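Structural description and commentary
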Amino acid sequence: MKKFLLASILICGVGFTKAQPVLKQNEDIIISTGTKSTDLIYKVNKSDGRLYQVYLGSKLGSVADITQFKASGHLAYATFGTDNLFEPAIRMTHNDGNPSLELKYVSHNIEKPSEDITITAILLRDPEYPVDVTIYIKSYIQEDVIEQWTEIVQKEANPVTIYNYASSMLNFDANKYWLTQFHGDWAKEMKMQENELTSGIKILDSKLGTHAHMYQTPVFFLSLNEKSDETNGELIAGTLGWSGNFQFLFEVDEKGSLRVISGINPFASEYIVQPGKSFKTPSFIFTYSNHGKGLASRNLHHWAANYGIMDGKGTRLTLLNNWETTYFNFNEPKLVSLLNDTKKMGLDLFLLDDGWFANKYPRNDDRAGLGDWQENKAKLPHGLGYLVKEADSVGVKFGIWIEPEMVNPKSELYENHPDWILKLPNRPENYFRNQLVLDLTNPKVQEFVFNVVDGMLTKYQGIAFIKWDCNRMMTNGYSVYLKDKQSQLYVDYVNNLYSILERLRQKYPHFPMMLCSGGGGRVDYGALRYFTEFWASDDTDPLERVYIQWGYSYFFPAFAVCNHITSWGKQSLKFRTDVAMMGKMGYDLKVNELTENELKFSQEAIANYKRLSDIIWHGDLYRLISPYDENRAVLTYVSNSKTKAVLFAYTLNSRFRESFLPVKLQGLDPAGKYNVKEINTFPGEKPSADNGTYTGDYLMKIGLNIGTGAPLTSTILEISE
Ligand code: DGJ
């Protein structure tokens with residue numbers, strides 16, 4: 001171990017702004033980044049000039065502790081081709097064919113764009129080739145969230161190819177590592193699995209281009225030493241802000257150290273960087289918690305509300321969607337009656353789903369019309385304008401469904417622009433849901449997609465909401481436009497989708513938009529910068545939804561998770577309603593078939609929801625009992641002032657006479673006196689929980705008896721100080 005001289009250390013961290021030291025001989029440089037509770041510390045080793053990660057964990061007591069680091073640590077961004085024996089974060093071939101990269105520290109810079117944010121940029125350079133890699137660490141101090149990305153700039157005489165270009169590489173030294181992943185399929189999103197990592201490599205990834213939920217969502221927990229639960233354990237929660245192929249790679253080496261490499265999936269994605277140009281990776285976003293998964297989720301929720309999701313602090317619209325009630329089969333009078341139902345229920349907006357467009361090949365099922373975004377004259381003889389006006393006169397807002405990245409072969413768009421579509425030469429077209437993907441790398445297609453949205457919003461200024469769908473994964477991966485750069489397709493597609501969304505956001509900065517991909521097929525913080533919410537799953541059976549919504553709640557705040565009350569499942573309307581109310585509530589139900597009691601119950605539930613939605617959307621989530629542990633699920637949202645809380649309890653498939661222990665609450669003020677009142681009871685039904693007044697201490701130490709224990713029943717409690 002090398003001798004470490006205090007005199008030869010430069011420490012640069014938060015508070016040391018604009019530090020730009022150049023490494024001198026005999027100097028170690030410590031670069032300290034982090035948030036209010038987390039330190040992420042790097043060191044430049046004087047002997048080799050490389051950058052190492054020396055610490056990631058809870059805040060160290062003092063700067064003096066930082067100077068105690070004696071070992072080199074682990075490489076901060078491992079390269080390929082010199083002496084690294086493990087998976088690299090970056091791999092490239094120089095313009096002379098040299099397949100190796102060496103990165104040495106040059107300088108670093110710390111900016112503080114706001115009280116809450118610090119951006120540390122560490123510049124590394126190959127000593128022999130003009131290739132710069134800058135590692136960015138953006139710390140959100142109060143939220144305890146860190147965002148990492150890199151930028152690769154090359155100034156060689158000719159183009160170079162990059163094969164691996166991770167957003168982040170993190171190193172851990174723990175006795176054991178527990179990885180929690182969220183697997184699934186269409187209508188089966190966010191299935192949680194936890195396993196111990198063993199020696200070697202474990203990869204979580206998607207190669208589907210879009211529609212990642214046919215495999216898995218880009219999120220994970222990594223628990224250190226022991227499995228963590230809601231309140232105990234050391235872990236990171238990680239996610240990639242990228243709406244395409246991603247990869248999280250976990251490699252446990254021969255010494256038991258773990259390297260986590262996160263970023264765009266290198267699979268079939270080598271990228272050519274032209275001289276003088278740069279390549280910027282998407283962000284890896286993570287939070288460190290030493291108090292279990294509950295704190296990690298709350299950190300991410302706060303970050304999402306403040307920075308990660310469009311209008312995260314704003315309100316959301318309750319709505320009636322027609323998809324599950326009409327599918328493609330509707331006409332103007334039917335839609336007008338649904339506008340009236342929206343009003344009758346007390347909802348804010350009516351959302352017209354798929355099937356309203358295309359004439360030569362009418363969109364009467366999913367086999368035709370996609371791409372031809374003109375109102376279907378048979379179904380809507382007076383056009384969208386008429387419906388927008390009708391909605392206005394009824395007193396509700398009007399929203400609309402689109403799927404602008406896709407095309408049916410049976411469409412005018414397909415006939416007129418075959419070169420705008422991804423398809424392989426000399427191969428039959430491969431269909432999924434009878435459709436193909438448009439080539440978003442082509443500027444003409446970008447313009448078309450922008451105009452689908454902009455054209456509609458300009459023509460019908462009363463449109464108040466968009467559901468943006470994307471119903472297939474990417475196969476047929478060939479772009480006429482990209483010519484000899486086919487391996488850039490997966491990356492360029494996503495970046496160009498973001499450019500279109502960026503352009504739309506310049507023009508319509510606060511317009512509410514739901515992100516949808518055949519359910520939750522494209523849920524990530526790359527896209528959510530442009531969307532106010534997402535459609536969580538096409539599976540709306542409330543028993544399944546408890547698990548699906550539970551899964552999303554680990555990484556995404558309640559205001560973003562759209563839950564609709566539908567006719568799926570055989571559960572009572574109360575159970576369906578109570579399940580939807582734990583997130584962003586909506587309806588996809590035949591209102592005209594509700595009984596008088598059901599209608600009354602629904603109207604009251606919507607009024608309750610509107611009264612409590614600020615706590616549900618912007619309060620702190622405490623998951624109290626997991627459906628993965630018991631035959632019930634219980635969670636609360638507690639207002640920031642701790643004066644109000646809402647508790648949701650769902651009894652699932654309980655056994656005959658199964659009994660449950662009292663539920664101990666969390667997050668309340670122990671000294672506060674809280675009035676507990678059951679709400680959302682169905683007309684004629686008795687309350688099923690301990691109504692009364694209790695101290696916060698009692699509620700958190702002794703707890704409440706909630707629910708009857710009968711299968712598929714639910715309870716909502718309003719708790720007020
Ligand atoms: C898939 C979505 O998830 C559904 O909600 C619905 O909008 C259909 N597409 C329409 O085609």
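Here the structure is a predicted model, which is why all the values come from computation and not from measurement. (Residues numbered from 1 in each chain as written. Predicted model: local features only at pLDDT ≥ 70, side-chain atom pairs only at ≥ 80, totals over all residues. Heavy atoms only, no water.)

A few points about the overall build of the chain
What counts is decided by this rule: Elements are defined by DSSP. Helices are runs of H or I of four residues or more, strands are runs of E of two residues or more, and each kind is numbered from the N terminus. The size measure is the radius of gyration over C-alpha atoms, and the globule rule it meets is 2.2 Å times the number of residues to the 0.38 power. Exposure is judged per residue with a 1.4 Å probe applied to protein chains only, and the accessible area is read against the type maximum: over 50% gives exposed, under 20% gives buried, and values in between give partly exposed. Whether two residues touch is decided by their heavy atoms; if any such pair falls within 4.5 Å, the residues are in contact. His is not counted, nor are the chain ends, whereas Lys and Arg count as positive and Asp and Glu as negative. By convention, the charge on Lys lies at NZ, on Arg at CZ, on Asp at CG and on Glu at CD.
Assigned secondary structure in the chain consists of twelve helices and 38 strands. Since a compact globule built from 721 residues should have a radius of gyration of about 27 Å, the 27 Å found for the chain is in line with a globular shape. Taking the principal axes of the C-alpha coordinates as reference, the chain spans close to 80 × 70 × 45 Å. Expressed as a percentage of the 721 residues in the chain, the buried residues total 63%. Here the contacts in the chain between residues at least 6 apart in sequence split such that 67% fall between residues at least 24 apart. Separation between the mean location of the 75 positive side-chain charges and that of the 84 negative ones in the chain comes to 1 Å.

Quick word on the packing of helix α4 (residues 332-345) against helix α5 (residues 383-394)
Any two packed helices are characterised by the angle at which their axes cross and by the distance between the axes. Basically, it comes down to this: In this description, a line fitted to the C-alpha atoms serves as the axis of each element, helices being fitted only across the stretch in contact, and the angle between N-to-C directions of two axes falls anywhere from 0 to 180 degrees. Here roughly perpendicular refers to angles of 65 to 115 degrees, roughly parallel to angles under 35, roughly antiparallel to angles over 145, and oblique to all remaining angles. It is the rotation of the near helix from the far one that decides the hand of a crossing: anticlockwise by less than a right angle makes it left-handed, clockwise makes it right-handed. Gly falls in the polar group here, along with every residue not listed as nonpolar (Ala, Val, Leu, Ile, Met, Phe, Trp, Tyr, Cys, Pro) or charged (Asp, Glu, Lys, Arg).
Where α4 meets α5, the axes come as close as 10 Å, and the angle between the chain directions of the two elements is 30°. Regarding the angle of α4 to α5, the classification is roughly parallel. For the element pair α4 and α5, the recorded crossing hand is right-handed. Listed contacts from α5 to Glu-332, Leu-335, Val-336, Leu-339, Asn-340 and Lys-343 of α4 are Gly-383, Tyr-386, Leu-387, Glu-390, Ala-391 and Val-394. Among the residues forming the contact of α4 with α5, the class breakdown is seven nonpolar, two polar and three charged.

Here's the deal with the site of the ligand
The following threshold applies: Summary of the distance rule: residues count as near a molecule or strand when at least one heavy atom falls within 4 Å of that molecule or strand. Any pair of nitrogen or oxygen atoms within 3.5 Å is treated as a polar contact; in protein, a donor-acceptor pairing is required on top of that, and neighbouring residues in sequence qualify only through side-chain atoms on both sides. Surface exposure here means Shrake-Rupley accessible area, sampled with a 1.4 Å probe, where a residue is shielded only by the protein chains that are shown.
Contacts to the ligand come from 13 residues, most closely from Asp-353, Asp-354, Lys-467, Asp-469 and Asp-538. Here an oxygen atom of the ligand and a side-chain polar atom of Asp-353 are 2.7 Å apart. When the free accessible area of the ligand is taken as 290 Å², the share hidden by the protein chains comes to 98%. Here the shell around the ligand is composed, by residue class, of four nonpolar, three polar and six charged.

Let's talk about the pairing of strand β2 (residues 28-34)
A regular strand places its side chains on the two faces of the sheet in alternate fashion. Selection rule: Here the rule is simple: two strands pair whenever DSSP picks up at least two bridges between them.
Burial analysis of β2 places seven of its seven residues in the buried class, which makes it a mostly covered element. The pairing of β2 with strand β3 (residues 38-44) spans six bridges and is classified as antiparallel. Looking at the pairing, Gly-34 lines up with Asp-39 of β3. Hairpin connection, β2 to β3: the antiparallel pair is bridged by three residues.

Overview of the domain arrangement of the chain
Here is the rule we go by: Where each domain starts and ends comes from a domain assignment, either automatic or drawn from a database. By convention, the term buried area covers the 1.4 Å-probe accessible surface removed from two parts as they join, with the contributions of both added. The term salt bridge refers to a side-chain nitrogen of Lys or Arg lying within 4 Å of a carboxyl oxygen of Asp or Glu.
Parsing the chain into structural domains produces domain 1 (2-308), domain 2 (319-619) and domain 3 (621-720). Relative to domain 3, the C-alpha centre of domain 1 lies at a distance of 40 Å. Each side of the interface is counted separately: domain 1 has ten residues, and domain 3 has five residues. Taking both sides of the interface into account, the surface hidden between domain 1 and domain 3 amounts to around 640 Å²; carbon and sulfur atoms contribute 45%. It is Met-192, Glu-230 and Arg-298 that lose the most area in domain 1 upon contact with domain 3, and together they represent 64% of the buried surface on that side. Linking domain 1 to domain 3 there are one salt bridge. In this structure, Arg-623 engages Glu-230 in a salt bridge whose closest nitrogen and oxygen atoms are separated by 2.9 Å. There are five residue pairs in polar contact (both at pLDDT 80 or more) connecting domain 1 and domain 3. Where the side of domain 1 that touches domain 3 is concerned, the elements lending two or more residues are β14 (191-196) and α2 (292-308). At five residues, the largest contribution of residues to the side of domain 1 that touches domain 3 is made by α2. Of the residues assigned to the side of domain 1 that touches domain 3, the class counts are two nonpolar, four polar and four charged.

Side note on the sheet that holds strand β12 (residues 168-173)
The sheet built from four strands is open, its strands ordered β12-β19-β18-β15 with antiparallel pairing. The open sheet is flanked by β12 and β15 (200-205), the only strands paired with a single partner. Each strand of the sheet is rotated relative to its neighbour by a mean of 15°, with strand direction disregarded. Pairing analysis gives six bridges linking β15 to strand β18 (residues 246-252), with the strands arranged antiparallel. Bridge assignment links Ile-201 to a residue of β18, and that residue is Glu-251.

As for the nonpolar core
Filter applied, for reference: The criterion is simple. A nonpolar core is a set of buried Ala, Val, Leu, Ile, Met, Phe, Trp, Tyr and Cys residues joined through side-chain atoms within 4.5 Å.
Core analysis: the biggest nonpolar cluster contains 200 residues, and Leu-352, Trp-356, Phe-398 and Trp-468 have the highest contact counts within it. Among the elements that line this core, the one with the most residues is helix α8 (residues 489-507), at ten residues. Phe-398 has contacts with Leu-339, Leu-349, Phe-350, Leu-352, Leu-384, Leu-387, Val-388, Ala-391, Gly-462, Ile-463, Ala-464 and Phe-465, leaving out every residue within four places of it along the chain. The next biggest cluster of nonpolar side chains, apart from the first, holds 20 residues, and it includes Tyr-622, Leu-665, Leu-668 and Ile-719.

A short note on the environment of Gly-73
Checked against the element boundaries, Gly-73 lands in the loop between α1 (63-66) and β5 (74-75). Given a relative accessible area of 35%, Gly-73 falls into the partly exposed group. Sequence separation of Gly-73 and Phe-682 is 609 residues, and the distance between their C-alpha atoms is 60 Å. Setting aside residues up to four positions removed in sequence, Gly-73 forms contacts with Tyr-52, Gln-53 and Val-54.

As for helix α11 (residues 596-618)
Because the α-helix completes a turn every 3.6 residues, residues three or four places apart line up on one side. Our working definition: By this rule the span expected of a helix is its residue count minus one, scaled by 1.5 Å. One axis is fitted to the seven residues ending at the residue and one to the seven starting there. The bend at that residue is the angle between these axes.
Taking 1.5 Å as the rise per residue, α11 with 23 residues should run 33 Å; its terminal C-alpha atoms sit 33 Å apart, in good agreement. The principal kink in α11, of about 60°, is found at Leu-612. Residues Leu-599, Phe-601, Ser-602, Ala-605, Ile-606, Asn-608, Tyr-609, Leu-612, Ser-613, Ile-615, Ile-616 and Trp-617 constitute the buried set of α11.

Quick word on the packing of aromatic side chains
Short version of the rule: Aromatic rings from Phe, Tyr and Trp, with only the six-membered ring used for Trp, were paired whenever their centres fell within 6.5 Å, and each pair was classed as stacked if the ring planes differed by under 30 degrees, edge-to-face if by over 60, and tilted otherwise.
Under the definition given, this model contains 40 aromatic pairs. Between Phe-220 and Phe-250, the ring centres sit 5.0 Å apart and the planes meet at 90°, which makes this aromatic pair edge-to-face. Pair noted here: Phe-220 is in strand β16 (residues 216-224) and Phe-250 is in strand β18, with a separation of 30 residues, a long-range link. Assessed through its relative accessible area of 0%, Phe-220 is described here as buried. Considering the side-chain rings of Trp-242 and Tyr-498, the 5.9 Å spacing of their centres and the 80° angle between planes classify their relative orientation as edge-to-face.

So, unusual backbone geometry
As a rule of thumb, non-glycine residues mostly have phi less than zero, and peptide bonds are mostly trans rather than cis. Although it is not a glycine, Met-190 sits at a positive phi angle of roughly 60°. Inspection of the secondary structure assignment puts Met-190 in the loop between β13 (177-183) and β14. By relative accessible area, Met-190 is classed as buried at 1%. With a phi close to 60°, Asn-426 is a non-glycine residue in the positive phi region. Checked against the element boundaries, Asn-426 lands in the loop between α6 (412-416) and β27 (436-437). Take Asn-426: its relative accessible area is 77%, and that puts it in the exposed class.

Observations concerning the confidence of the model for the chain
Put simply, the test is: What pLDDT expresses is the predictor's confidence in each residue, scored from 0 to 100.
Overall, the predicted model of the chain reaches an average pLDDT of 94, with 96% of residues at or above 70. Low pLDDT (under 50) marks residues 1-9, which in the prediction has 19 contacts with non-local residues, meaning those over four places away or in another chain. Below a pLDDT of 50 lies the segment residues 14-25, which in the model reaches 29 contacts outside its immediate sequence neighbourhood of four places, other chains included.

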